[in-house]
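Residue-level structure breakdown
Residues per chain, in single letters:
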Amino acid sequence: TIPISVNVSRVQLSDPNLVDEICAIVDKHSVPHKYIDIELTESACFDDMEVLVSTITKLRSMGFPVSMDDFGSGYSSLNLLKDLPFDTLKIDGEFFRNVTDPNRANIVVMNIIDLAKSLNMTVVAEGIEQQEQVDFLRKTECDLIQGYFYSKPIPAKEFEQYMANHRIENK
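Residues numbered from 1 in each chain as written. Predicted model: local features only at pLDDT ≥ 70, side-chain atom pairs only at ≥ 80, totals over all residues. Heavy atoms only, no water.

Thoughts on a nonpolar patch on the surface
To keep things clear, this is the line we draw: Residues with no salt bridge and a relative accessible area higher than 30% make up the patches, which join like charges within 9 Å and nonpolar side chains (Val, Leu, Ile, Met, Phe, Trp, Tyr) within 5 Å. Residue-level accessible areas treat just the shown protein chains as cover; the underlying method is Shrake-Rupley with a 1.4 Å probe. Whenever Lys or Arg places a side-chain nitrogen within 4 Å of a carboxyl oxygen from Asp or Glu, that contact is recorded as a salt bridge. In this text, helices come from DSSP runs of H or I with a minimum length of four residues, and strands from runs of E with a minimum of two, each type numbered from the N-terminal end. Each residue is assigned to one of three classes by its accessible area relative to the maximum for its type, calculated with a 1.4 Å probe on protein chains only: buried under 20%, partly exposed between the two thresholds, exposed over 50%.
On the surface, I2, I154, F159 and Y162 cluster together to form a nonpolar patch covering roughly 320 Å² of accessible area. Relative to the helices and strands, I154 resides in the loop between β6 (144–145) and α7 (156–165). The partly exposed category is assigned to I154, whose relative accessible area is 30%.

Here it is as structure tokens:
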């Protein structure tokens, strides 16, 4: 089984029935909750902190992993990490594109990864396009790497065909 990430918008987060609606949809299709990763973009996390904490806590209590997507793209990332119980931190791809000082950027990324690991979070690097980036992230013990280096986004049918042709073992 391969996990699926689902982005939740700022508008959806304000819906008091959000968790029940997600559960109903996932349960209708008999998918174990642990395989549906609910992603909140950093920008979606600024309205009502109390509602946000409550929603994340409910989702996690129902067995859904919850991720902060696009970490580092906003202005209050560290404050959000302090207050919100995320399972996964997805480092925004901008940390890896158009970098003017690669050494400085690598120091920032290494410390983000160390911080997330200290908070018992899984770390995903987004937007990875070059072998050097993959090598660096492997050395930093980044948990997962995604980006064009591995594959461009593909239609569902093409993905199904790929999966039919490649046996992938899950842990």
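From this point, the discussion proceeds with the structure in view.
Regarding the nonpolar core
As a reminder, the rule being used: In these notes, a set of buried Ala, Val, Leu, Ile, Met, Phe, Trp, Tyr and Cys residues joined through side-chain atoms within 4.5 Å is what counts as a nonpolar core.
Membership of the largest hydrophobic core comes to 37 residues, with the highest contact counts inside it found for I38, L40, F64, F86, L89 and L137. No other element matches helix α2 (residues 18–28), which puts 5 residues into this core.

Regarding the pairing of strand β4 (residues 88–91)
This is how it is decided: Here a strand pair is declared whenever DSSP counts at least two bridges between the two strands. Handedness of a crossover: with both strands directed away from the viewer, a clockwise path from the first strand across the helix to the second marks it as right-handed.
Residues T88 and K90 point to one face of β4 and L89 and I91 to the other, with burial holding for every one of them. Examined bridge by bridge, strand β3 (residues 66–71) and β4 share 3 bridges and lie parallel to one another. Note that in β4 the partner of S67 across the bridge is T88. Both β4 and strand β5 (residues 122–125) contribute to a ladder of 4 bridges, which runs parallel. Considered in β5, the bridge of I91 is made with A125. The parallel pair β4 and β5 is bridged by helix α5 (residues 102–118), and the resulting crossover is right-handed.

Describing the pairing of β3
β3 sits mainly inside the fold: 5 of its 6 residues count as buried. Both strand β2 (residues 36–41) and β3 contribute to a ladder of 4 bridges, which runs parallel. Note that in β3 the partner of T41 across the bridge is D69.

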